Protein chains: 6
Amino acid sequence: MFLHKSILIHDVHVQNPDPVFAEKLLEQYGGATGELSAALTYLTQSYHTDNPGIRDMLQDIATEELGHLEVVALLIEQHTNKASANLQNKAYQSTLFAIRGPGPHLVDSKGLSWDGRYVNEGGHVVRDLRANIAAEAGALATYEQLIAMSTDDGTREALRHLATREVSHTHMFMEALKSLNALDQPLFGDLKPDETVNLYFNLSSGPGADERGPWNREPTFQYIADPLQHEMQQHGGRSKASNEMTPPGAMPDRNPATNR
Amino acid sequence: MFLHKSILIHDVHVQNPDPVFAEKLLEQYGGATGELSAALTYLTQSYHTDNPGIRDMLQDIATEELGHLEVVALLIEQHTNKASANLQNKAYQSTLFAIRGPGPHLVDSKGLSWDGRYVNEGGHVVRDLRANIAAEAGALATYEQLIAMSTDDGTREALRHLATREVSHTHMFMEALKSLNALDQPLFGDLKPDETVNLYFNLSSGPGADERGPWNREPTFQYIADPLQHEMQQHGGRSKASNEMTPPGAMPDRNPATNR
Amino acid sequence: MFLHKSILIHDVHVQNPDPVFAEKLLEQYGGATGELSAALTYLTQSYHTDNPGIRDMLQDIATEELGHLEVVALLIEQHTNKASANLQNKAYQSTLFAIRGPGPHLVDSKGLSWDGRYVNEGGHVVRDLRANIAAEAGALATYEQLIAMSTDDGTREALRHLATREVSHTHMFMEALKSLNALDQPLFGDLKPDETVNLYFNLSSGPGADERGPWNREPTFQYIADPLQHEMQQHGGRSKASNEMTPPGAMPDRNPATNR
Amino acid sequence: MFLHKSILIHDVHVQNPDPVFAEKLLEQYGGATGELSAALTYLTQSYHTDNPGIRDMLQDIATEELGHLEVVALLIEQHTNKASANLQNKAYQSTLFAIRGPGPHLVDSKGLSWDGRYVNEGGHVVRDLRANIAAEAGALATYEQLIAMSTDDGTREALRHLATREVSHTHMFMEALKSLNALDQPLFGDLKPDETVNLYFNLSSGPGADERGPWNREPTFQYIADPLQHEMQQHGGRSKASNEMTPPGAMPDRNPATNR
Amino acid sequence: MFLHKSILIHDVHVQNPDPVFAEKLLEQYGGATGELSAALTYLTQSYHTDNPGIRDMLQDIATEELGHLEVVALLIEQHTNKASANLQNKAYQSTLFAIRGPGPHLVDSKGLSWDGRYVNEGGHVVRDLRANIAAEAGALATYEQLIAMSTDDGTREALRHLATREVSHTHMFMEALKSLNALDQPLFGDLKPDETVNLYFNLSSGPGADERGPWNREPTFQYIADPLQHEMQQHGGRSKASNEMTPPGAMPDRNPATNR
Amino acid sequence: MFLHKSILIHDVHVQNPDPVFAEKLLEQYGGATGELSAALTYLTQSYHTDNPGIRDMLQDIATEELGHLEVVALLIEQHTNKASANLQNKAYQSTLFAIRGPGPHLVDSKGLSWDGRYVNEGGHVVRDLRANIAAEAGALATYEQLIAMSTDDGTREALRHLATREVSHTHMFMEALKSLNALDQPLFGDLKPDETVNLYFNLSSGPGADERGPWNREPTFQYIADPLQHEMQQHGGRSKASNEMTPPGAMPDRNPATNR
């Protein structure tokens, strides 16, 4: 069960309320990279793993993210709600709060409703932890952008805390993946890979599009410079074995019935 | 520019067409973890990075995923289209193909349209690469489940290739992250973290909910067993400094105006 | 801030796990009438009212609904997760859990993602409380249907508790509306109504479509049996005043430029 | 069957066309609280009830709402369409109408498409009528905000009529609920509630979060000040009966297998 | 304004109610190709054209489609509502109606809510009429499939009427386009086309992928067999003019800064 | 399989970058009428037809549209990315790019994610080709509006090419429909129409709402001036046959049990 305490997980003291900035803050209340996405992702994932330690970690962090959601809510409330003549003029700049009323709403900075598709989970703990590391990177990027756009010290200070904790959670998820030996190596799950597992297909080609790097370099990977030619040779070999003839100069049609 | 060649990136030979299984295959044509999600994610990300090597890698892999999308399309086409009396009876089991017609559609296994929110990108190369590793894990998990559910050898063989390549791409993205020193350490971007960066809050507590592991263990992390108490102490210190009185036994209200 | 306790707000003891029934249960995890909709609605609403009592009530109930979300999650987990040969056979009947994995997911019984549009709030406490009464009625209706479809005593007992609490919350919201004198009378807010406020327009007419009841009966309402005639008479009066001519027998065109 | 008459249910005379205000008006054409939501909700509900009077009332009001939809359409048309040099300059301020063209579109003020999820119905007449009262409150709130933002007398006059009718409909729905004895008491439907039906759980606690009011006051409700303690006592009682031991000082784990 | 008459635009006499077939019928109540999509598309379009005849035609047909929506609603109502022991058993096969209750709902056959994106309009009468012809073709295709799947004579007879009228409307829209000289020739609107207007790019190539037909045949079109070569030649010419050097054998990089 | 070449299908040279205009350009990257909608529609349709020529044409054009998507991507990239002090100031005007980062994103000009519902296909080649003609008209209309709003010569020149090609594709689709004899006549598919196929129902009536034109003129169509009367007469005939009495002056209730 959950309990709620009337003490914030981090203080919120907005000095210069700004409804237009509050629209941007909605990104972290009802947006894709926001605190609700994080809380519901980790909570849902926690019911999928039998590993008691990771289950507990996911519920600890999910609960913290609910507390962060509340911090974002209060930031938005203070940016839209504080009574002052100055604010009234600014309020007219925000259609969203004029129509929906002040305070947080479950939408992003463009007014788009939060969507369950933001929750990235699928019943496999390694997949889920990797998704979490990606999600935290997204949340951090949004916070950095919000901090850069904010001119209010109180707001920036609170955002800095929320951003800090995204880094902390990333660290925790990485440690959990390390404990499963899954951080720096692809896992095959139940898969018996086929012979192409180390091939790199240079399918985008031309000047400036044939770059080399650790992601396509021997000996880890075998670089296939001309994948079309490679496919045709593979096919040619098999064709001969099955005694089919390919007319000279023609591209062999491996699958004539289906890919016209 | 793109070119299309009438040669498949991998053969498709369905032996026992099954429209009900084809519904499940839609998950990888128009579903969240499918090939379209991958292709459009990497293509969109490629326009966001100035790193020419990573830009090229993203376009190579995006182009390969378009070829995979075609392979999935032909699997679905063959599972729903092949003329046979046997198939006609099976076809009645699939409302989806009965109403929409045979062949691939841009929906998932439940008939839900593909959605741009599946594309996880945000203008920062580290975030994007991390999202890709997570996405490939999701795609792999779905392929494993599809392989486990399939009884058709031709289908399983094609799915095994597609699954293999997800592992290959994971490996490439990990190498790219390593080249940016971003695989195994959280990055702070422009963020100056606050003093809580190494704290672990045990917000989910009680028997079986106080597990310890590398993700909350000293010296990497400082374990806060009772975060509510921790917050109140933090607050108590600041309160004294500002000469406010907290009644004995009461929980200090750090933010009385806003969090009633 | 929120805390999570490893004690359920109500016991969950599924005796006969059934993945197909678990699909239906998803309606209350990730569906429109589910516990998440309730929790996020009341939490978001709580930031919109200055009335400290109603704010507290909304946060009390929102927190309870989070605990209910957890109960539903565990019902789904037990219905999909318990190891038994019998369950394995049943599992094949659920495409949803086969593809997504066991346990709860943020979708409804048809696999549609939860959507922020389910959250009904708008910055006015009377509107919000009325929406809540409606929402609880929807949740209750779904629980009744789930109970009717369930054959597992443990499941039915837990669902009965969750349904009971929806009634309890309805009662609380009604008492709150009564305390605002808003339960049984329409409120006008800032509106100065026009002269039509008590008219009932019989716009659907013909045999069986001219029923009378307290909702259109004098003296509360004035029944306009032929609204088209009524509109034309209203218009005729105004037309004369403005000295426009209407050809005899023709329907006056009140707005010739726009409503052709 | 439906008929359409070239006479408006209320006049529309916009004097000072303003495309930016027209964007806000879209909220009532294609938005959540708009006339389309109302019309389709009542029409769909009308097919669910066997009560001929309520069925007729729902169809009368649904038909009126279609007429209101037309009034909103013409308001938007006149605000975006009237030829004048002045309007041309203003038009550039509205990306929405610049790209989509003038006149109404099935989107809300942020450009988000109307969504069937706005239709709140579920096959039970009491639930449906309660939802309608809530929906009318939302529509009224939006109209009040639009009237407050409008500076055009013709627009305000038309909006005042539309807002008035929402109050009228609220009144009608309340009378219908009264005729079913369902306005001021929670109904239990087929539910046999459990023993918690009158408990109020104070799950949000701390200073300012323990407010009392009619919604949690004796004798109607029993106030549970410490729900965690309450749950543990309930559990303790049952535990003893079943002869399980709880270690002193520990929180009993009611559901050890599932809620770690 | 709209009026509703208690007379159906076509009779509905379901003889063998079948809730599973009713799920399929939802496709035409709340689905993409359904009557609601048609009604709202034509109604919205009618406010966009200044041509009084076409405006009237759109409102005539929109009003008819509302009557068709009612026919579909009653088909669904009768398929799910008629009291009979036989129906009770069938009802358990439909999760959708079990959970949502009998009668029509604003969803398609997979339970997905109707979406404003189904409304295809954009402020230009030619575009709108073309979209309508396409939409009617979609509606007809769905009706044909429903008729093929139906075994109930009363249902088939009603569906045949609805399908017939889609053909009628197609004919009307074609006549309207002919009256605008826009049926069989592409229109350029305000566009001054560039020199490529008659080129056909053979971008999909290989065996079976170089088909010729009226859509790429001279003299109407100029067939570009190798578009990549064509682009490079175009570029080569311009490059020389601007005195840039292209290394021999290399593919000229037309846009080096942006398309790596 | 697909190949990507580092040569654009049309040059992109933005001279005056403008992030606010780039928001509008998103309409053609991730919007309803954009290049992605076109590419995925034609690709998906290509798997539904057995006509090899039309299948090839659809894949040729789909591949071209992918190249157009890339052109739009680079327009957006150049409008948001070019380093200049001037751009920095303009950038603050675009919340969308400030929060999401520069470059293309899979959303429309209002920030709404691309949606699979934009893909209009359904397994019948005539329906599909008609949908394509409509879609191209929508794309052209959007390009015209973008060209009208653009003040940058390089941007306008690229947009003119993209718009030109939409006209070209329209022409090709029309030729394909002509080759199937389906351009200018409604097709009946498997439908045996009923006797109403040539009736025009004047359901919207009154001054200015009874226009006549080729779409409702004899001999092609029979104009039913008063459809309600027509329905009642039809019904009267049948009623007599079945010996039911209609009270004088009353509207006959054709379906008393269902349409009250």
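Structural data are supplied above this passage.
Residues numbered from 1 in each chain as written. Chains lettered and ligands numbered in written order. Predicted model: local features only at pLDDT ≥ 70, side-chain atom pairs only at ≥ 80, totals over all residues. Heavy atoms only, no water.

Asker: Any chance you could break down the overall build of chain A for me, citing the residues and the numbers?
Answerer: Along its length, chain A carries nine helices and four strands. By residue count, 68% of the 260 residues in chain A fall in the buried class. Considering only contacts within chain A whose residues lie at least 6 apart along the sequence, 69% involve residues at least 24 apart. (Helix = DSSP H or I, 4+ residues; strand = E, 2+ residues; numbered from the N terminus. Buried < 20%, exposed > 50% of the residue type's maximum accessible area, 1.4 Å probe, protein only. Contact = heavy atoms within 4.5 Å.)

Asker: Provide a residue-level description of the interface of chain D and chain C, including the pertinent values.
Answerer: At the junction of the two partners, chain D supplies 96 residues and chain C supplies 96 residues. When the two sides are added together, the surface that chain D and chain C hide from each other amounts to roughly 8400 Å², 59% of it contributed by carbon and sulfur. Taken together, chain D and chain C are joined by two salt bridges. Viewed at the interface, chain C and chain D are joined by 28 residue pairs in polar contact (both at pLDDT 80 or more). Sorting elements by how many residues they give to the side of chain D that touches chain C places helix H7 (residues 153-179) of chain D first, with 15 residues. (Buried area = accessible area lost by both parts, 1.4 Å probe. Salt bridge = Lys/Arg side-chain N within 4 Å of Asp/Glu carboxyl O. Polar contact = N/O pair within 3.5 Å; in protein donor to acceptor, adjacent residues only side chain to side chain.)

Asker: Requested: an account of the relation of the copies chain D and chain C, with residues and values cited.
Answerer: Screw-axis analysis of chain D against chain C gives a translation of 0.0 Å along the axis, an RMSD of 0.1 Å, and a rotation angle of 180 degrees. These values place the two chain copies in the arrangement generated by a two-fold rotation axis. Mapped onto chain C, 100% of the interface residues of chain D are again interface residues, and the two copies thus contact each other with one and the same surface. (Least-squares fit on C-alpha atoms with pLDDT ≥ 70 in both.)

Asker: Explain the pairing of strand E1 (residues 2-5) of chain E residue by residue, including any values.
Answerer: On E1(E), burial covers both faces: E:Phe2 and E:His4 on one face and E:Leu3 and E:Lys5 on the other are all buried. In this sheet, E1(E) lies alongside strand E3 (residues 204-205) of chain C in parallel orientation, the contact comprising two bridges. Within E1(E), the residue paired with C:Ser204 across the bridge is E:His4. The pairing of strand E1 (residues 2-5) of chain D with E1(E) spans three bridges and is antiparallel. Residue pairing in the sheet places D:Phe2 in a bridge with E:His4 of E1(E). (Pairing = 2+ DSSP bridges.)

Asker: Hey, could you go over the sheet that holds strand E3 (residues 204-205) of chain A for me, with residue numbers and the actual values?
Answerer: Taking strand neighbours across the sheet as the criterion, the four strands line up as E3(A)-E1(F)-E1(B)-E3(E) in an open arrangement whose pairing is mixed. Either end of the sheet is taken by a strand with one partner, and the two such strands are E3 of chain A together with strand E3 (204-205) of chain E. Lying over the sheet, helix H3 (residues 52-81) of chain F contacts strand E1 (2-5) of chain B, E3 of chain E together with strand E1 (2-5) of chain F, oriented at roughly 155 degrees with respect to E1(B). (Axes fitted to C-alpha atoms, helices over the stretch in contact; angles between N-to-C directions.)

Asker: Run through the sheet that holds strand E1 (residues 2-5) of chain A, naming residues and quoting values.
Answerer: Taken in spatial order, the four strands make up an open sheet running E3(B)-E1(C)-E1(A)-E3(D), and their pairing is mixed. Each edge of the open sheet carries a strand with a single partner, namely strand E3 (204-205) of chain B together with strand E3 (204-205) of chain D. Each of E1 of chain A, strand E1 (2-5) of chain C together with E3 of chain D is contacted by helix H3 (residues 52-81) of chain C, which is oriented at about 155 degrees to E1(A), the strand it contacts most.

Asker: Would you mind going over helix H4 (residues 52-81) of chain A in detail, with residue names and values included?
Answerer: An ideal rise of 1.5 Å per residue puts 44 Å on 30 residues; H4(A) measures up with 43 Å between its terminal C-alpha atoms. Within H4(A), 28 of the 30 residues are buried, leaving the element largely enclosed by the surrounding structure. (Expected span 1.5 Å × (residues − 1).)

Asker: Please provide a residue-by-residue account of the packing of helix H6 (residues 125-149) of chain D against H7(D), values included.
Answerer: A pair of packed helices is captured by two measures, namely the crossing angle of their axes and the spacing between those axes. Residues and elements named next belong to chain D. Viewed as axis vectors pointing N to C, H6 and H7 meet at an angle of 160 degrees, and their least axial separation amounts to 9 Å. In terms of axis orientation, H6 runs roughly antiparallel to H7. Here H6 and H7 pass one another in a crossing that is left-handed. Here the residues of the contact of H6 with H7 are counted per class, giving 16 nonpolar, three polar and five charged. (Parallel < 35°, antiparallel > 145°, perpendicular 65-115°, else oblique. Left-handed = near helix turned anticlockwise from the far one by under 90°. Nonpolar A, V, L, I, M, F, W, Y, C, P; charged D, E, K, R; others polar.)

Asker: Tell me about the packing of aromatic side chains, and name the residues and values.
Answerer: By the definition in use, this model includes 21 aromatic pairs over all chains. Between A:Trp114 and C:Trp114, the ring centres sit 5.8 Å apart and the planes meet at 55 degrees, which makes this aromatic pair tilted. Pair noted here: A:Trp114 is in the loop between helix H6 (95-100) and helix H7 (125-149) and C:Trp114 is in the loop between helix H5 (95-100) and helix H6 (125-149), and the two residues belong to different chains. Residue class for A:Trp114 comes out buried when judged on its relative accessible area of 0%. For the pair C:Tyr200 and C:Tyr223, a centre-to-centre distance of 5.7 Å together with 10 degrees between the ring planes defines the contact as stacked. Taken together, the residues span a long stretch of sequence, with C:Tyr200 in strand E2 (residues 199-201) and C:Tyr223 in strand E4 (residues 222-224) at a distance of 23 residues. Of the two residues, C:Tyr200 and C:Tyr223, both sit in the buried class. In textbook terms, an aromatic cluster arises when at least three aromatic residues are bridged by ring pairs, as seen for A:Trp114, A:Tyr118, C:Trp114 and C:Tyr118. A cation over an aromatic ring shows up here: D:Arg212 above the ring of D:Tyr223, its NZ or CZ 3.7 Å from the ring centre. (Phe/Tyr/Trp six-rings, centres within 6.5 Å; stacked < 30°, edge-to-face > 60°. Lys NZ or Arg CZ within 6 Å of the ring centre and 35° of its normal.)

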